[in-house]
Structure formats: C-alpha cells, structure tokens
Amino acid sequence: MQGRSALQKALLIVPAVLVVVLVAGLLVGAGIVRRPLPDHTGSQRLEGLDGTVEIFRDELGVPQIYAGTDADLVRAQGYVHAQDRFFEMDYRRHVTAGRLSELVGDNEAALSADLVIRTFGWRQVAEQEWDLLTDESRALYEAYAEGVNAYLESREASELGLEYTVLGTTTELGTIEPWDPVDSLAWLKAMAWDLRGNYDAELGRAANLRTLGDVARTEELYPDYPYDAHAPIIAGSSAPQPAAAPQDAPATSAGTDTTAADRTGTTAEGDVVATSGDELTAALGGSEAEQALAGAARALEAVPVLLGEGEGVGSNSFVVSGEHTASGKPLLANDPHLALDAPGLWYQVGLHCTGEDEACSLDVAGFSFAGLPGVVIGHNEQLAWGLTNMGADVTDFTLERLYDDGTYLRDGARVPLQTRRETIEVNGGEPVVTNVTSTEHGPIVSEVLAETGVAASVPVPEGAPPAGFSGYAVALQWTALTPGRTGDAIFAINRARDAADIAAAAALLEVPSQNIVFATADGDIGYQAPGRIPVRAAVPDSPVPSDGSWPRPGWDSRYDWQGFVPPEDMPATLNPAEGFVAAANQAVTPAGEGPFLTTDWDAGYRSQRLRSLVEHEIAQGEPIDVAGMNAIMLDDASAFGPAVLPALLSVDVDDPFVEDAVDLLREWSAAGFPAATSSAGAAYFNAVWGNILQLTFEDDLPASQAPDGGARWLLVVQRLLEDPQDPWWDDRTTVNIVEGRDEILRQALVLARQQLTNTMGKDPGGWEWGKLHRFAPQHPVLGGEGVPALVRRVFNPGAEEVAGGTSIVNATSFDTAAVDELGRPDFTVTAGPSMRMVVDLADLDASTWVTTTGSSGHPGSDHYTDQLEAWAAGDTFPWPWTREAVEEAASATLTLAPPE
C-alpha cells in the first residue's frame, strides 16, 4: 500500500502545539467531538421534497428510507449520507477533482496527487458523462445533490465533521461549497482507477526487464493462469466463442464509438517474442525511454488510494441454486476485498419507494457509497447481485516520440500535441499552474512530476529516431477516460428483475469492469461480465507483445486499440448445470474461449478453494443455508501451506532450536493449514514464506518490484520448487557459492525462527497468528504518522486480531515486503472483506450483513465502530427488508417533510 502510506504520512503534518487545545477538549469530553453528530430523530422540513419521507434507523444506525417517489428517496439518501459521512464525501470530491491542496493546504503529497489527477482529467470526463446520462438519471443525481445541500444549509464546517476542526488549526476553512451532481459522477473515476486491470503488471514487466535483461526470464515472474488446476468462472460450454483475430485490422480511435463489425476480434495470445539480453538491447528505446517509464510509475504512485490497491484487492461472490439450499430458493454471498479504512468504505441503506405510479420504481437495499445515489451491491424484491473485480486489462501505456516543435510521431508523420493549462489552488499558499499534454492515446503521465529515476524499459522495434527528436514520453490509454454511461448503470441494476435486465445494465456498466453474479426470486442464478474491453490486434513479427501485457510504441498505429468488445459478446451464463457460480477474480472463461480480457488474472488459489467448499457442501447432500454461506466466506485454510510445505519439511535442519519451530508446520499441516488467530503454525509459516521470497528474489529484482507475497508469487515459487537448481535460487550477492533450493528454504526457516522469537518469545507453542496479523483501520487524512498520536487515537479505531490471510477465502491480505518502524516483518492487514453479505431469495428478512466499522463517519458517534468487533469475529447482523421487519428493528425515526 505504498501510495496510501506516503499520503497518510505527508498529507497533514499538524504542529502539536496547535492541537493541544483540541486534544485537551477531546480528553475531557468537551463538545468538540460531539458537535457534528446529527439528529436521527424528530422531524425536519426540506426544500424540494414532493411528499413526506420516513427514515427508520436500527440499533446500528443503518437507515431504511420510505418515500412516495424515486426523487424523494434519493433526496433523503443524500441527506442521510451528508448527516453521517460528509467529510468523507468532501475529501473524495477534492481528490477526484484534483483539488486536495484546497482542502489540506501546502503539502507535497497533496500537490502531487492534484497534478496527476488534473493530468488524468477525471473531473472533465465526469462533466462530459453528465450529458450522456438519460434525463431520468440526471434528475435523480440532481435530487441527491439537493438532499446533500439541504443538510449543508446553515451548517458551518465544524458541524459537519470533526476533521474540519482539526484541519482548521493549519488551514483556512471557508464556507463549504454545495454538492454538485458531477461530484457524484467523478467518484466513479476513482472507483475505476483502483479497480483497473493490469497496469501494475505492465509497468512491472518493464521494470524487471531493465534489471534482468531477458524477456523470457521476466515472463517467468508472470506465469500463465493454471487452467488445468484452477477452474474459470464459466465452463467451456457456456462461454461465447471468439471471433477471428484480426491481423491487419484498420485502426479506430479508442475514444470513438464503432460499429459491432468494426469491433470484432481478439488479440492473438502467445505472441511474445522471447529474446536474449543482447538482442533486446538492440531494440530498446534507450535511456530516455527508461526515464519516461520511470516517470510514469512515479506519477501513478502519487494517486491517493480510495478503494484499495495491490494483490489483496479482489472479492468473493458466489450463488447457489435452490436445488441445493434449505429454502429451495437461491442464496447469494459477496465480500468485496478492498482497502479497510476508518470509516469503512460502505454505507448500508434501504431505499423503498411506496408510490403507485411510474415515478416510483426503486425498492432496493444494500451497500452504497457516500456521495453516490442508489445501491452498488444488494438486492431488490426480485433479484440480488454481487460484484467482484474482473481484472480486465483496460489500461495501456504507450511510449511516445516527442519533437522539439511540440509534435509527436504517428505512422511517420508529426502530429501536434494537445495541451491545456490547469491552475491548482493551494489553501494558504500560491496557486500552482501546470500544463497537461496529451496524445490521441491519452494524457502524458511521465512528465507530471519532476524527479524521476531509471526504473523501466520496453522492447521497441525501431532504431534511432530522426532529427529533431526531443525525448520519449509515456501516455496512459484507459477506458475510463472515454466518457460513458456507468452513472445510468447504477439505477438500471437497482431495478433489475431478471437475467435480461442484468445484461442491459451490464452494457451500461463500462468502468470499472466487474463480475456480476446474480440470483432471482424465480429461482434463476447466473453470471454476467460487463465492461468496456479494448480489442487489440496482433502485430506480426514484432518483439513487442500486442496483448496489453507490455508498454507499446505509440508511433505505430498497428498497436492501437481496434475498438471495444460488443456487450453481447461478453461472457455470461444462466443456470449452469453444476448448480452454482463462484467468481473470485479468477479467469472468466477457459483458455481461448470468449473475448480476450487479460493475461494477468489472479492465480486462482482462492477461487478454487471457494469452489471446492461449495462442491463439498453439495456433495454432502445437506442443504445449504445462510449460516453455511457465511461459514464458507470465513474459511481460513491456506493454499500456500500445501503448496510449499512438502519442500520445506524435506530440508535437513540440524539445529534443535529451529526444529522446535519446524514441528509447528507438521502440526499445522495435520490440522488442515488453518490461518486462525490462535494458530502458531500459521504465524511461523507466514514468516517463513516472506523470507523465502526475500531470499530468492531480492538480489535479482529492483526494489520497486519486491514480492508482495500474493497468489502470483505462490504460482512462481510453486514452479521453482520443482527445480532445486533453478538460477532464481542462487543468491548473487554471495561470492564463490551457488545456493540451491534447499539452502534458501533452510535459511528462511532459520530467519523466521529468529524473527518470531524476537517478537513473540522463545516458546513456539505460545506464538499466535492474530498477534501479528491485525486489522488496524486508519483515517485517510488524520490516521497517518505525521499526525499527533492523540489525534490519531480519536480517528483510528483500536486494532483487532483477525484470521485469514493472502489468497485465502477469508482474504485479509498483507504484504510480505512490508516492515514496521523497527524493520521487522509487518503482517498488518492491507485489504480484506470490506463487507460481508448473504441474501436469501426465499426470505429476504433472513439475509445478513456486516461492514468493517459502522455506519457513521463521526468518531464521537456510537456507530463509528459498532460493527468492528463483529466483523473481525466473523459475525453478521440481521438485514431487515419488509416494512414490518424494518419497523420492528427501528430504534430511531426521522421524518422529512416539504416546506409548509
């Protein structure tokens, strides 16, 4: 989570002397903390309402809203979002508009983020999308904004969030500006950015190639998906067949809509030409191209992380048909694996329209984002849906050849660069003016931040550029920078009733590309892939792969996107014969079937375990119920143990001190490799695993590519274990010694024994995984190390011990390359189940849900952390749906009425 930690450390350095009064007030119970707390009871008059709205809140503060029109529903939703989460909303809109410096003042990290996001132009794209929405959708976004602004009216900043009071010690806080409907659309860009496909792998290949000097060896770090061992989401008979791969298809602008005929075809897979280092050197763009790619990598790291990043970002979603359930109707479960902040990402809500005419179509409950109307994941009366990240490759980096006359090269011709000027206002400082430069592929990102270092390279087919060449730059081509209709898709999926409705909504859900798993009250279960997916043409006889896995030469239009996969060609299945669907970020279809989506899937260990658990329950013949679905999501068996332990236990260890710890691994294996909080074996194994990666790869790879310990690295190591003398095992820093597999494994066992002895004591029997593996949610602005400790304690909940781990169904991921302030391995959770839900289509009131922290964003509220302990323990709460159940669960009622 490098980008997140850098922002949290540098975003706000509040001088301790300026917060003494605030901290003292907090500690003695002054009204500062409680001042922003909203009133959830009584009655209020709201401008713009057509009729009376009732808001019932349960003991967790979760609102269920009843109104006579859809417009009034989302007005009230905007009102309650602002009541509970306005600072979060305000922070996000400043980030997505490249205006963070306006909020937090003169700060290097904030300015870097603003520069990059202004270069992307998220806000400009959102403004263009506004014109593409239907009139009905625009009216709902406007109504939502009216509800937000009704709450903001006559309230000063300190009444909206404690964060403003703290920020006010170092910045000037003026009147809070009204919420604009485009603020909501801009948030969709942040969602798409954090849930994009393989750009990390694309830049990673280039960075590793620079160090390794060999394409084939670099590709060993990005192994093919193991289709033989890990099943895709859709079986072969259900997947649509691909069209013929174009060889010389005419290029179309990636920002231009094309006909279905223009967009047919897939890229050819396996077209990487493995070259030796010498052959590759002759084809490189040179040091300036390397600098450009390094600049792009550095710029992208500056973007604040809002949903999550890295290997841990994924999800589990699975649905079981009624023939295998206790109720006879489908059950659906979902737990998106995202960043775990304080407050938590999701906001639970019910939206119930009670009218009888066409102005009343929303009756839905589930998980929303503060700042966005509607429900993102949840159910209505007829259909439930879950989302997992598909990981389709929707970004490409293009090397551009620039010239000193303001042009760049395209098919032998010089084309003028597109430029625009951006002014960034800095709270308490001077404005910063920057020029944004773009090519037809997208914005140039390599020149956004001034300081770069050599970190990457890429094979390019041409030789020396012609006279007038001024250097290389890197442009980002990304589907989300083309205006689309995802803003319509939210309402479409909220109203969906069957598979056809889901397909129609998926055609609108262009970014981010997500797996949609669904079930209906009529008994159907299914899967639908949405998303705007680029079509890439194969380029014959080129050393540059044309499948999006490597940066590509922008001066050759043969590498351009040829359009997008038509929605009707996207993979889908309905009522598969096996009686369930499991989507956990694995490959979508069998190799060679369906449209080309990416080469960089999650390796599938978690998805295969999920499938095996469901298959086992079905084979047992015991009907599955809601509790059984929740139990599956909490499975903590490690896939890493059975893959690595046979080799580890074959190593001779002649030190009784180490052997005491190795005995834990044998016991752990016999117990089924559980990653429970109490497990000593899990603690030792994960420490060993981190050392295996460090000892094997640290001497070969650049620091920016240190293994994070995720599923891809397990696949790499699992294959290396088959060859005890593979060159990767050798430590190149040792002189006149060639290490093999067993020596590296032995060193890993010894180092891990020493590390855990230092952190948890000499007796291995007293080690516990939960003591190392903790969930410690942090506030995105006031949770970092640069903020005084007493303030951090107010905004950051206490850490909780949690089970699970990386590539485990209970996916509480951590980074094996991370270290704490003392240089010790840090197993703190970096991403995990941001919520858990199970929907029972036979009895919606029997459904369950839980989030990571609570419904409120105010640290002084009882609902800031009232779900935290339950989430950590794997517990859930009742999810009332019917009016009767909602009123029975209600502990507070607020009535909103039109002005008299």
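Details of the structure are given in the entry above.
These figures come from a predicted structure and were not determined experimentally. (Residues numbered from 1 in each chain as written. Predicted model: local features only at pLDDT ≥ 70, side-chain atom pairs only at ≥ 80, totals over all residues. Heavy atoms only, no water.)

Side note on the sheet that holds strand β15 (residues 442-443)
Right, on to step 1. Pairing in this open sheet of 3 strands is antiparallel, and the strands run β13-β14-β15 from one edge to the other. Only two strands of the sheet have a single partner each, and these edge strands are β13 (418-424) and β15.
Right, on to step 2. Where strand β14 (residues 432-439) meets β15, 2 bridges bridge the pair, whose relative direction is antiparallel. Bridge pairing in β15 places Ser438 opposite Pro443.
Right, on to step 3. Along the sheet face, helix α5 (residues 108-120) touches β13, β14 and β15 and points at about 145° away from the line of β13. (Pairing = 2+ DSSP bridges. Helix = DSSP H or I, 4+ residues; strand = E, 2+ residues; numbered from the N terminus. Contact = heavy atoms within 4.5 Å. Axes fitted to C-alpha atoms, helices over the stretch in contact; angles between N-to-C directions.)

Re the nonpolar core
Right, on to step 1. Ranked by internal contacts, the top residues of the largest apolar core, which has 175 residues, are Phe86, Phe120 and Met390.
Right, on to step 2. Per-element tally for this core: the top contributor is helix α3 (residues 70-96), with 12 residues.
Right, on to step 3. Every residue in contact with Phe86, bar those within four places of it in the chain, is listed here: His81, Arg93, Val148, Leu152, Leu160, Tyr164, Ile176 and Trp179.
Right, on to step 4. Grouped together as the second largest cluster of nonpolar side chains are 59 residues, Leu664, Ala675, Val717 and Trp729 included. (Core = buried A, V, L, I, M, F, W, Y, C linked by side-chain atoms within 4.5 Å. Buried < 20%, exposed > 50% of the residue type's maximum accessible area, 1.4 Å probe, protein only.)

Considering the environment of Ile516
Right, on to step 1. Note that Ile516 resides in strand β17 (residues 514-520).
Right, on to step 2. Setting aside residues no more than four positions away along its own chain, Ile516 makes contact with Trp385, Gly386, Leu387, Ile493, Ile502, Ala506, Leu509, Gly526, Tyr527, Gln528 and Pro530.

Some details on the side chain of Asn389
Right, on to step 1. In this structure, Asn389 sits in strand β9 (residues 383-389).
Right, on to step 2. Residue classification places Asn389 among the buried residues on the basis of a relative accessible area of 9%.
Right, on to step 3. Here Gln514 takes part through its side chain, which lies 2.8 Å from a polar atom of the side chain of Asn389.
Right, on to step 4. When near neighbours in sequence (up to four residues on either side) are disregarded, Asn389 contacts Leu195, Arg196, Ser315, Ser513, Gln514, Asn515 and Asn585. (Polar contact = N/O pair within 3.5 Å; in protein donor to acceptor, adjacent residues only side chain to side chain.)

Some details on the sheet that holds strand β22 (residues 572-574)
Right, on to step 1. As summarised here, the arrangement of the 11 strands in space is β1-β30-β2-β3-β6-β7-β8-β9-β17-β18-β22, forming an open sheet in which the pairing is mixed. Each end of this open sheet is capped by a strand with a single partner; those strands are β1 (42-45) and β22. Put simply, the sheet's adjacent strands are angled 15° from each other on average, direction ignored.
Right, on to step 2. For strand β6 (residues 347-353) and strand β7 (residues 363-368), the ladder comprises 6 bridges, and the chain directions are antiparallel.

Focus: the pattern of salt bridges
Oppositely charged side chains can form a pair if their charged atoms are brought close together.
Right, on to step 1. Within this structure, the stated rule accounts for 46 salt bridges.
Right, on to step 2. A salt bridge links Asp50 to Arg75; its shortest N-O distance comes to 3.8 Å. Of the two residues, Asp50 sits in the loop between β1 and β2 (53-58) while Arg75 sits in helix α3, which places them 25 residues apart along the sequence.
Right, on to step 3. Given a relative accessible area of 55%, Asp50 falls into the exposed group.
Right, on to step 4. Its relative accessible area of 11% is what places Arg75 among the buried residues.
Right, on to step 5. Here Arg532 ties to Glu510 by a salt bridge, and the two come within 3.1 Å at their closest N and O atoms. Of this pair, Arg532 sits in the loop between β18 (525-528) and β19 (534-536) while Glu510 is found in the loop between α16 (499-508) and β17, placing the two residues 22 residues apart along the sequence.
Right, on to step 6. Take Arg532: its relative accessible area is 9%, and that puts it in the buried class. (Salt bridge = Lys/Arg side-chain N within 4 Å of Asp/Glu carboxyl O.)

Remarks on the pairing of strand β27 (residues 835-840)
Right, on to step 1. With respect to burial, β27 is a largely interior element, 6 of its 6 residues being buried.
Right, on to step 2. Of the two faces of β27, the one carrying Met835, Met837 and Val839 and the one carrying Arg836, Val838 and Asp840 are both buried.
Right, on to step 3. In this structure, strand β5 (residues 331-338) lies alongside β27, joined through 4 bridges in antiparallel fashion. In the strand pairing of β27, Leu331 is matched with Asp840.

Observations regarding empty space enclosed by the protein
Right, on to step 1. Tallying each qualifying case throughout the model produces 11 cavities of 30 Å³ or more.
Right, on to step 2. Here the largest cavity defines a volume of roughly 280 Å³.
Right, on to step 3. Lining the largest cavity are 25 residues, with Met191, Val376, Ile377, Leu387 and Gln514 positioned closest to its centre.
Right, on to step 4. Looking at the lining of the largest cavity, the elements that each hand over two or more residues are α9 (181-194), β4 (314-320), β5, β9, α15 (486-494) and α16.
Right, on to step 5. When residues of the lining of the largest cavity are assigned to their parent elements, the largest contribution, 4 residues, is made by α15.
Right, on to step 6. A per-class count over the lining of the largest cavity returns 19 nonpolar, 6 polar and no charged.
Right, on to step 7. Forming the boundary of the second largest cavity are 21 residues, of which Glu88, Tyr91, Arg92, Pro343 and Pro780 lie nearest the centre. (1 Å grid on protein atoms, 1.4 Å probe; cavity = no way out; pocket = protein on both sides within 12 Å on 5 of 7 lines; lining within 4 Å. Points joined across faces, edges and corners; volume = space filled by probe spheres on them. Nonpolar A, V, L, I, M, F, W, Y, C, P; charged D, E, K, R; others polar.)

Structural measurements only, silent on function.
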